[in-house]
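Geometric and topological summary
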Amino acid sequence: MALDVSQRVKNVLFTAFLSLALVLPVGNLLANADREPAKKFSLNDLTGEQIALEDFQGQVLLVNFWATWCPPCVHELPSIQALKDHFSDQSFEVLALNMGERGKDIENF
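Numbers given to residues run from 1 along each chain, matching the order in which its sequence is written. Whole-chain, interface and lining totals are the exception, using all residues; otherwise, since this is a predicted model, local features are given only for residues with pLDDT of at least 70 and side-chain atom pairs are given and counted only at 80 or more. Side-chain measures here rest on the full set of heavy atoms in the structure, leaving out hydrogens and waters.

**What to know about the packing of aromatic side chains**
- Aromatic rings from Phe, Tyr and Trp, taking only the six-membered ring of Trp, are treated as a pair when their centres fall within 6.5 Å; an angle between ring planes under 30 degrees marks them as stacked, one over 60 as edge-to-face, and anything in between as tilted. Summed over all chains, the structure comprises two aromatic pairs.
- Ring centres of Trp-66 and Phe-109 lie 5.4 Å apart, and the angle between their planes is 40°; on these two criteria the pair is classed as tilted. Residue Trp-66 is found in the loop between strand E4 (60–65) and helix H2 (71–86), and its partner Phe-109 is found in the segment after helix H3 (103–108); the two are separated by 43 residues along the sequence.
- Consider the rings of Phe-87 and Phe-92, whose centres lie 5.5 Å apart with planes at 55°: the pair is tilted.
- Throughout, exposure labels follow a simple rule: accessible area from a 1.4 Å probe, protein chains only, divided by the maximum for the residue type, with under 20% read as buried, over 50% as exposed, and the rest as partly exposed. Given a relative accessible area of 26%, Phe-87 falls into the partly exposed group. A run of DSSP states H or I qualifies as a helix once it reaches four residues; a run of E qualifies as a strand once it reaches two. Both are numbered from the N-terminal end.

**Focus on the pairing of E4**
- Between any two strands, at least two bridges found by DSSP are needed for them to pair. Relative to strand E5 (residues 92–97), E4 runs parallel, the two being bridged by six bridges. When the bridges of E5 are listed, Asn-64 appears paired with Ala-96.
- With the strands aimed away from the viewer, a crossover counts as right-handed if its path from the first strand over the helix to the second runs clockwise. Assessed by its sense of winding, the connection that carries the chain from E4 through H2 to E5 is right-handed.

What follows is the structure, given as structure tokens:
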């Protein structure tokens, strides 16, 4: 049974909160006095291009940690893509991090 887009978005949000994903409003992390800004970091993507947290300044960023061998991770990827597509006209980005596997394995996946 196919899910409509709104149900898929609800499923994405539910799955995202149950996963290791975290949503960071980059740039305004000090809205509350007890919050600390996210630690700066940068990583290389599969093409070798360096991506830094600062690149997402002023956007809402969904950071998702996943692995090819993780069934819940693999299951949620299409839903995360649907969420990205749903908010394509807004300042919303997804950063899917797989740091424990070889780049070639990730590309083949």
